[in-house]
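Geometric and topological summary
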Amino acid sequence: MDCLHTTCLCRLPEVFAMEPAWRQQGRGRGRSQEGERSRPPQKERERPGAAGRGGGGGGGGGRNKPGPVTPAPQPGVTVQSKFEEIRKSNQAAAQRLVESRISCSSSDDEDNDEDGAVDHEDGKRGKILESTFTTYTHQTGGDVSGLARTGQYVSDLFQSGALTCLICIASVKRTQAVWSCSSCFSLFHLPCIQKWARDSAFLVSSVTDEDFGQKQHPWPCPKCRAEYPPSATPNRYMCYCGKLQDPPADPWLAPHSCGSVCQKELKPACGHTCLLLCHPGPCPPCPKMVSVSCMCGKAKPLPRRCSNKAWSCQQHCNKLLPCKQHTCTQPCHTECSPCPRVSVQKCVCGREEAERPCASPRWNCTQVCGSLLSCGNHTCEVLCHDGVCPPCPRSVSRSCPCGKTKSSLPCTEEVLPCGDTCDRRLSCGKHTCSMRCHRGSCETCRQEVEKECRCGKYRRLMPCHKEYLCDSKCPKTRSCQRHQCRRKCCPGNCPSCDQSCGRTLGCRNHKCPSGCHQGSCYPCPESVEVKCTCGSTVLAVPCGRERSTKPPRCKESCRCPSSCHHPTRESHRCHPGPCPPCRQLCLLPLSGCSHTCPQACHDLVLVKSQQVQLAGPWEQPSEPAFVKKALPCPPCQVPIPTACFGEHEVSPVPCHRRGRFSCKRPCGRPLTCGNHNCSRECHLVTDGNKCEVCEEGCSKPRPPGCPHACPRPCHPGNCPFCSQMIRQRCHCKISILYVECTKLTSADEQTKVELGSCNNQCPKELSCGHRCKQVCHPGVCEEKCQQKVKLRCPCKRIKKEFPCSLSDQCVQCDDTCRDQQRKVSQLKEAEQRAAQEEEQKKLQEELEAFEKRQQRGGRRNKKRGRREEVDDDGGRAGRWWRRCATFVLVPLGGALLSAAAYYLVTTTS
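The numbers attached to residues start from 1 for each chain and follow its sequence in the written order. Under the rules for a predicted model, residues below a pLDDT of 70 receive no local features and side-chain atom pairs below 80 are neither given nor counted, while totals for whole chains, interfaces and linings still include all residues. Excluding hydrogens and water, the side-chain figures rest on all heavy atoms present in the structure.

**A look at the overall build of the protein**
Spelled out, the test is: Numbered from the N terminus, helices here are DSSP runs of H or I no shorter than four residues, and strands are runs of E no shorter than two. Each residue is placed in one exposure class: buried if its accessible area under a 1.4 Å probe, protein chains only, is under 20% of its type's maximum, exposed if it is over 50%, and partly exposed if it falls in between. What makes two residues a contact is simply this: any of their non-hydrogen atoms within 4.5 Å.
When helices and strands are counted, the protein shows 12 helices and 24 strands. Looking at the 909 residues of the protein, the share that counts as buried comes to 31%. Put simply, of all contacts in the protein between residues at least 6 apart along the chain, 33% involve residues at least 24 apart.

Put into C-alpha cells, the structure is as follows:
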C-alpha cells in the first residue's frame, strides 16, 4: 500500500493537469469564443487541498469533486495527530487517483499493447458484458442473437477511440458528463450539446423571427438531425436509463451506467420493459414468452417470444375475397392480398362484359350513357356511370355570356348575347373587358399604364399585361450573411443563398455539402474506418478522428513481409508501426567454411552514425543519430577438432583460425632405427626439419626363451637369429638333449614338445598298475590305459575283453543266461517241495506211531516202544542223510547242469 501511495503522489501533477475534452482547444465546430467563456474561473476550479500538494487531485471530466481539506494546524496539536491527518489525506488522494486511472476506458494515451495487459482487459470486458446481459440471456436460454446491435454499442465503450463527441471531435471518457441521443444513441459531452442546442435555437430565431427571441424553436441532434423541443435541452448528467443523476464511475460497470435494470418501455410497445442493466444503444427485442394464436386465428395459442410472436399455422386461409367469388388460398397470414384470378365482370353501367382481374371489379366502358334526362329533351352525355343521371345543364338558371341579363327560356332554346359591354375582369385584375357580350374568354389587357419596377426604383409606361423589371442588382446580403443577393430588380425578400456552403468541416477532410448558411456547420456525417496493419480488424470512427486514433488491437498474426533474408518473420500479433527486429538466427553460410552464422539476424541493426562535430546549435545534423545497417557476419567460432603437428592431442580450434599447431610436448615420432622416438618439442616434419638420429645400442626385446643379447647396434627391423645351443633334459628327466636356440625360440608349442622328447617309452606307472605306453612326453601321463583285460557276466557264463580304462563297465547276462537261471530256480523249488512233502509224511508217521503206543500200554508196549524208538532212531538217521543230500547234492547238480549249458551255448556260438 505504501508503494501505491508513493506512485499516486508522484502522479498527482498529471491529475491536476487533466482537463475535460470539451474544455480543450480542439479543432472544428467546438472551438469558439463561447467555449472560452464557458470555462469556469480558475478560483472555482482550484481545490482546497491543492495548496498542500498532498490532498488535492483526482481527475474528472465534467464532475469535479472537491478534495479533502487539510485544516490549519492549531496550537497544541501533537505531531502524531498531524501525521494521521496527512496520512488520511494521502490515502484519499491515492484512492481517487486509482479510480480515475481505472475508469478511463477510451483514453488514447493509456493504451497498453502488452499481451498480458490486452488479455487482462479482454477478460475484464467480457465479465462486464456478461453481467450486463445476464438477465436477458436467462430469459432467452443463452440466445444472444437479439443482442448484436446493443452489444456493439456496449463494446464501443471499451474500444479506444470508438466513442467521439462529434461536436468537439474529442474522446468521450467514462469520467466525463455525457448526453445520449434517443434516436441515434450517439454520445456527446454535456457542455458541448448544451452549447449546440443554444446556438441552434439562436440561429433559427435570428433568421425567422421578426420579434427576435420570442418564439421557442426546436434544436436538432448533431448526427441524426432528430429535433428536440427547447424543454428537452439537457441540463443534468443522467445515466442511460435516466434513473440516476451523476452516476459514479465504477470500473466493473459499463461507463456512464448506474448498474440497475433499464426498465424502459420496449419498442414496438408490447407492455414489457427492458431487462438489461443500464446500457447504451437501443433496447434489444423483448425476450418474454407469451401465448399467442397464429395469424389467421385457427390454431391453438402457443408460447412464442414476444418480439417474434407472429407465426403461421400453414393452413389455408379460405376467407372470402372482396371479389365475392373466390376464397384466399394462401397459407396462414394477417391480411389477404387482392384476388389474383380473372373473371367475367360487367362495367358500371352494365352494358359490356369483359374478363378482368378480380382485384379490380369496378370498371367503366367507353360508351356514353345516352339516357334521357329529367327535362325530357336531352340525353345524358356522361360516360358509363352508375346511379341517377345528373340534371339537364340547360334547365338550371341561365344568363347571357357576360352574366348581366338573366333568362328563363326552356332548355331547348339558346340564350343570345345581350349586346352590352362585357365588363368582365381581365387577367391583370385592374381593368375590364371593353368588348360586347361574347362567348369564350376575354382577350389580354393591352392598356398602357405607368408601372413601377419590382424593386421600386424606376417607373415606366408599359402594357398592363407585362411585368416591368429594371436592370439594377440587389446589393443586400442574403440569409447566409456571406453573399450578396445580386438578383435583378429584387423586391427585398431576397431568396435563400443558392450557393454551396463549401466551408471545411471540423474533420478537415470534407466540405459542407449544405447550402450556404449562417452559423456553424453540422458535424461531418461520414465515418472513417481505422484498420489495423493487416486490415482484419476495423474500427469505425467519426471522420477527422482517424489521425489521432490508434489502430485497433488485432488478434491476428502480423502479415508484413520479412525485411531480412528470412522468408518469414517470427509469429507475433498484428501491430502498428514497423515490426520488431528479427530475432531468428542468421544461418547464412559463412565465407571460407561450410558453417552458418549462429548469431541473431543482423540485416537491419540500429547503428550509431558517425557524425561530424557541429559548429554550434544553429547547425542541423546531416544524418540521423542512428541508422539501420546490415552488419557482416562475425568470424566463424565453431570449434573444429584439430590435431597438433605430432598428432599428440586433438583440441577445438575456432573455425576461422583452423590449422595445425605445436602442443609443446616431445615429438615422439619413431626414429629411423624404428626403436626409439624423437625427443624434440612437437614440430612439423619437413625436408629441412627432420627428427634426430638414434645413437643407442639395440634394445629390442629377445624372442621368448632366448637368454642371449643381440650382438648388433640399434638397428631397424628384426634382430638376426640366435645361433647358440641350449642344454636341457628330456621330459622324462632321463636323457640330456642339445637344441639350437633359434629352433627352440621360434618353434610352436607342439614343436617344442617334440624337441624336448627323447623318443623312448615313458617309464612312468599308471594308477591302474600298468606302464605308460606313450613316447617321452611332458606333464602327467594320460590315465586312459589301453591294456586289455577280461570281464565276465554275473553268472560267469559270458567272458569279454576291454581296455583297462573301461574296466569299470559290467558284462550283462543275455537271454540264455536268464533261461538257465530260471530252470535252476525251478529245480530248486521242486526239490524243496519234495523235501517238504517228505517231512510232512514223516511227521504224520510219527504221529500215528505215537498214537498207537498210547493205545497199547504195559511193558510189552514199552518193549515194543523201545523197538520202535530204535527204529525211529535208525529212520531219523536216514532222514538226516537224505536231508543233507537234498541240500547239498541238488545245488551241486544244478551248478553242473548250468556249466554244461554254458559250455554248449559257447561252443554253438
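**Section: the packing of aromatic side chains**
Test applied: A pair of aromatic rings is counted whenever rings of Phe, Tyr or Trp (Trp by its six-membered ring) have centres within 6.5 Å, and the orientation is called stacked for planes under 30 degrees apart, edge-to-face for over 60 and tilted otherwise.
In the structure shown here, the tally under the stated rule is 5 aromatic pairs. With 5.0 Å between their ring centres and 20° between their planes, Trp-219 and Tyr-228 make a pair best called stacked. Using a relative accessible area of 1% as the deciding quantity, one classes Trp-219 as buried. The exposure class assigned to Tyr-228 is buried, which follows from its relative accessible area of 11%. Connected via pairs of aromatic rings, a cluster forms that spans Trp-179, Phe-188, Trp-219 and Tyr-228.

**Examining helix H11 (residues 815–856)**
Using the following cut-off: The span one expects for a helix is its residue count, reduced by one, times 1.5 Å.
Taking 1.5 Å per residue, 42 residues should reach 62 Å; H11 reaches 62 Å between its end C-alpha atoms and fits that length. For H11, the full list of buried residues reads Cys-817, Gln-820, Val-824 and Lys-842.

**Digging into the confidence of the model for the protein**
Here is the rule: Across the chain, each position has a pLDDT score giving the predictor's confidence in that residue, from 0 to 100.
Summing up the model confidence of the protein, the mean pLDDT is 77 and the portion of residues at 70 or higher is 82%. Counted against residues more than four places away or in other chains, residues 101–115, with its pLDDT under 50, gives 39 contacts.

**Some details on a negative patch on the surface**
The test is simple: Nonpolar side chains (Val, Leu, Ile, Met, Phe, Trp, Tyr) within 5 Å and like charges within 9 Å form the patches, drawn only from residues with over 30% relative accessible area and no salt bridge. Note on areas: Shrake-Rupley, 1.4 Å probe, and residue coverage restricted to the protein chains presented here. Whenever Lys or Arg places a side-chain nitrogen within 4 Å of a carboxyl oxygen from Asp or Glu, that contact is recorded as a salt bridge. Think of it this way: Lys and Arg go in the positive column, Asp and Glu in the negative one, and His and the chain ends go nowhere. Lys charges are placed at NZ, Arg charges at CZ, Asp charges at CG and Glu charges at CD.
On the surface, Glu-838, Glu-845, Glu-848 and Glu-851 cluster together into a patch of negative charge. Along the chain, Glu-845 turns up in helix H11.

**Concerning the pattern of salt bridges**
The final tally for this structure, using the stated rule, is 13 salt bridges. Residue Arg-459 pairs with Glu-450 through a salt bridge whose shortest N-O separation is 3.4 Å.

**Some details on the nonpolar core**
Note the following rule: Among the buried residues, those of types Ala, Val, Leu, Ile, Met, Phe, Trp, Tyr and Cys that are joined through side-chain atoms within 4.5 Å form a nonpolar core.
Cys-165, Ile-167, Trp-179, Phe-188, Ile-193, Trp-219 and Tyr-228 are the most contacted members of the largest nonpolar core, which totals 41 residues. Of all the elements in the fold, those that place two or more residues in this core are helix H6 (115–140), helix H7 (148–158), strand E3 (178–180), strand E4 (187–189) and helix H8 (190–208). Those residues in contact with Trp-179 that lie beyond four places of it in its chain are Ser-186, Leu-187, Phe-188, Leu-190, Ile-193, Trp-219, Tyr-228 and Pro-234. Membership of the second largest hydrophobic core comes to 8 residues, among which are Cys-402, Cys-433, Cys-445 and Cys-464.

**Topic: the environment of Cys-294**
Structurally, the position occupied by Cys-294 is in the loop between strand E7 (289–292) and strand E8 (302–305). Overall, Cys-294 belongs to the buried group, its relative accessible area being 7%.

**Quick notes on the pairing of strand E19 (residues 639–643)**
How we decide: The criterion for strand pairing is that DSSP finds at least two bridges linking the strands in question.
Sheet topology note: the E19/strand E20 (residues 650–654) ladder contains 5 bridges and is antiparallel. By the bridge assignment, Thr-642 is partnered in E20 with Ser-651. Adjacent in sequence and paired antiparallel, E19 and E20 are bridged by 6 residues, among which Glu-647 carries a positive phi angle near 55°.

**Notes on a nonpolar patch on the surface**
On the surface, a nonpolar cluster with roughly 410 Å² of combined accessible area is contributed by Val-888, Leu-889, Leu-892 and Leu-896. Relative to the assigned elements, Leu-889 resides in helix H12 (residues 858–908).

**Considerations on the side chain of Ser-200**
The condition that has to hold: Polar contact criterion, stated in full: a pair of N or O atoms within 3.5 Å, where within protein one must be able to donate a hydrogen and the other to accept it, and residues adjacent in sequence count only if both atoms are side-chain atoms.
Inspection of the secondary structure assignment puts Ser-200 in helix H8. Overall, the relative accessible area of 12% leaves Ser-200 in the buried class. Of the polar contacts made by the side chain of Ser-200, one reaches the backbone oxygen of Trp-196; its length is 2.8 Å. Each residue touching Ser-200, except ones within four places of it in the same chain, is listed here: Trp-219 and Pro-220.

**Section: unusual backbone geometry**
The phi torsion of most residues other than glycine is negative, and most of the peptide bonds are trans. With an omega dihedral of 0°, the bond running from Lys-267 to Pro-268 counts as a cis peptide bond. A positive phi angle is found at Asp-246, which is not glycine, with a value near 50°. Turning to its location among the elements, Asp-246 is positioned in the loop between strand E6 (227–228) and E7. Residue Asp-246 is classed as partly exposed on the basis of its relative accessible area, which comes to 41%. Positive phi outside glycine occurs at Glu-647, with the angle close to 55°. Structurally, Glu-647 is set in the loop between E19 and E20.

**What to know about the pairing of strand E22 (residues 736–740)**
Burial of the side chains of E22 is restricted to one face: Leu-737 and Val-739 are buried, whereas none of Ile-736, Tyr-738 and Glu-740 on the reverse face is. Relative to E22, strand E21 (residues 725–729) runs antiparallel, the two being bridged by 5 bridges. Paired with Arg-729 across the bridge in E22 is Ile-736. Counted between consecutive antiparallel strands, the loop separating E21 from E22 contains 6 residues, among which Lys-733 sits at a positive phi close to 65°.

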